[in-house]
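Breakdown of the fold
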Amino acid sequence: MTALPLAPGRPKVRTGPALLDAAVRLAGLAALWLSLLLTAYWWSAGGGIQALGHWPDALLSTGRLTGLASADLLLVQVLLMARVPVLERAYGQDRLARLHRLVGFTGLNLMLAHLLLITWGYAAGSVARWVATLWDLTWHYPGMLLAVAGTLCLLLVAVTSVRAARARLRYESWHLLHLYAYLGVGLALPHQLWTGQEFLASRGATLYWWTAWAVAAGALLWWRLLVPLERSMRHRLRVVSVAHEGDDVVSVYLTGMGVAPAPRRRRPVLLVALPGRARAKPCPPPLAVGGPDGRSLRISVKALGDGSSQLAALRPGTRALIEGSLRAAHRAGPPPRAVAFLGAGVGITPLRALAEGMAYDPGNAVLLYRFRERPLFEREFHTLARERGLEVLWLPGRRRSPDSWLGSNAGTVTDEQALRYWVPDIADRDVYVCGPDAWMADVRRSLAALGVPEDQVHLESFGW
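Let me sum up the structure you'll find in this document. (Residues numbered from 1 in each chain as written. Predicted model: local features only at pLDDT ≥ 70, side-chain atom pairs only at ≥ 80, totals over all residues. Heavy atoms only, no water.)

Bridging between strand E8 (residues 365-371) and strand E9 (residues 390-396) involves 7 bridges; their strand directions are parallel. In the sheet register, Leu-367 faces E9, and the bridge partner there is Val-392. Handedness of the β-α-β unit built from E8, helix H13 (residues 378-388) and E9 comes out right-handed. (Pairing = 2+ DSSP bridges. Helix = DSSP H or I, 4+ residues; strand = E, 2+ residues; numbered from the N terminus. Right-handed = clockwise from strand over helix to strand, strands pointing away.)

What follows is the structure in structure tokens.
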């Protein structure tokens, strides 16, 4: 092992963008809890608590409460993945995806509880009459048939989102099935309008729910459809060339109108969809987009599905569509005191883009790169080391154990001992991590053990 020198640099301070991001996160958390408290208040004001004294009424009352909370969280779930810029800058797309998953599963569980409790309540608390009552509610109550269909759509999405099931699906199949989440949420609206008494309990409640639905639908329509369409038409991105990087990774270079040389901190970072060889297919999110020369965009993708496997066959001139922004792990601001990049396998791709595009002083950045056989972008990292002062540590070999993020050639030292030896001031650095989810979890444990504050750790995941 070779110890790296401490980078002197200036003391770490929170910049304006960092403070703004923290304020947005705090406001988002406050808005979420306020919305849940409001729905609980309207439920209580409508006699929800008084109804708890009688068994069938208690079932109906708790069923209404879980339904309100479920509707609230499902709308939040839609907003989290609507690519709203202020949220993506504050959280980063990766953290938003994890929150989307957590909120989505919680909302679905509450929806199932709502269905169970409401039906049980209408069955007068009789388990034997539950199925017959559900059938009657579905066919004779306004909007209930659509609500059941929406619940089945959300269940389908949830089942296919479980890691064991997701690992058996092609990306294209999973992507198509995941779109049913929007259909499921949309089908619940008529049921809430026609049979939800809390929806029309007061003018305030009516205004709240109409506003919530309008904001969620408007954000989805604007940021996921209209803005990407306008950007695609304006920039007219086309493929210039395709390069093989190894390990089933290909880089696609694109150019178009408005793609011109720009300062490092202002280079575009976009999420771009590319067609397959025979027809347009959804591809896994590109691992990095950024023009190393400032005149083009570069996408590096690992083959995960049919669409991404066919990227190698793309011809120059093929059109590309802009879907939105790609992550916000780094915002423009003063150069940090020091940074550390930890990547594994193809997860090195976004770290390469950050190491090339981020502003830092020479000698104040270190990269730890674990790979099995052949490193990706080796020549580019040597160039960054020579021109930008990036310190690079190569960590070859397979993972030495399932609970270690180090390679098999790291010896017998613990993960924390190795990291402290290589980067003695790791607790004072901003740390950017990208790799498989299990590997990143091990890295996070080591960083926490070495006292790295959570707000200095930035995660980039390439899993889908």
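With that out of the way, let us pick up unusual backbone geometry. With a phi close to 60 degrees, Ala-124 is a non-glycine residue in the positive phi region. Tracing the chain through its elements places Ala-124 in the loop between helix H4 (93-122) and helix H5 (130-140). The phi dihedral of Phe-377 is positive, around 55 degrees, even though this residue is not glycine. If you trace the backbone, Phe-377 turns up in the loop between E8 and H13.

Here we take up the environment of Asn-109. Its place among the elements puts Asn-109 in helix H4. Separated by 43 residues in sequence, Asn-109 and Thr-66 place their C-alpha atoms 9.1 Å apart.

Before going further, it helps to examine the pairing of E8. Burial analysis of E8 places 7 of its 7 residues in the buried class, which makes it a mostly covered element. Taking every second residue as pointing to the same face, both faces of E8 are buried, with Ala-365, Leu-367, Tyr-369 and Phe-371 on one and Val-366, Leu-368 and Arg-370 on the other. In this structure, strand E7 (residues 339-344) lies alongside E8, joined through 6 bridges in parallel fashion. Considered in E8, the bridge of Ala-340 is made with Val-366. (Buried < 20%, exposed > 50% of the residue type's maximum accessible area, 1.4 Å probe, protein only.)

Another point: the environment of Thr-119. Turning to its location among the elements, Thr-119 is positioned in helix H4. On the basis of relative accessible area, Thr-119 is assigned to the buried category, the value being 1%. In sequence terms Thr-119 and Gly-63 are 56 residues apart; their C-alpha atoms lie 8.5 Å from each other. Aside from chain neighbours lying at most four places away, what touches Thr-119 is Trp-130, Thr-133, Leu-134 and Leu-137. Within the structure, the side chain of Thr-119 is placed 2.7 Å from the backbone oxygen of Leu-115, a separation counted as a polar contact. (Contact = heavy atoms within 4.5 Å. Polar contact = N/O pair within 3.5 Å; in protein donor to acceptor, adjacent residues only side chain to side chain.)

Glancing now at the nonpolar core. Counting 25 residues, the largest nonpolar core has Leu-342, Leu-368, Trp-405, Leu-419, Ile-426, Val-433 and Leu-447 as its most contacted members. Only E7, E8, E9, helix H14 (415-422), strand E10 (430-435), helix H15 (437-449) and strand E11 (457-461) provide two or more residues apiece to this core. Residues within four places of Leu-368 in sequence aside, it is in contact with Phe-341, Leu-342, Gly-343, Leu-393, Leu-395, Trp-405, Leu-419, Trp-422 and Val-423. (Core = buried A, V, L, I, M, F, W, Y, C linked by side-chain atoms within 4.5 Å.)

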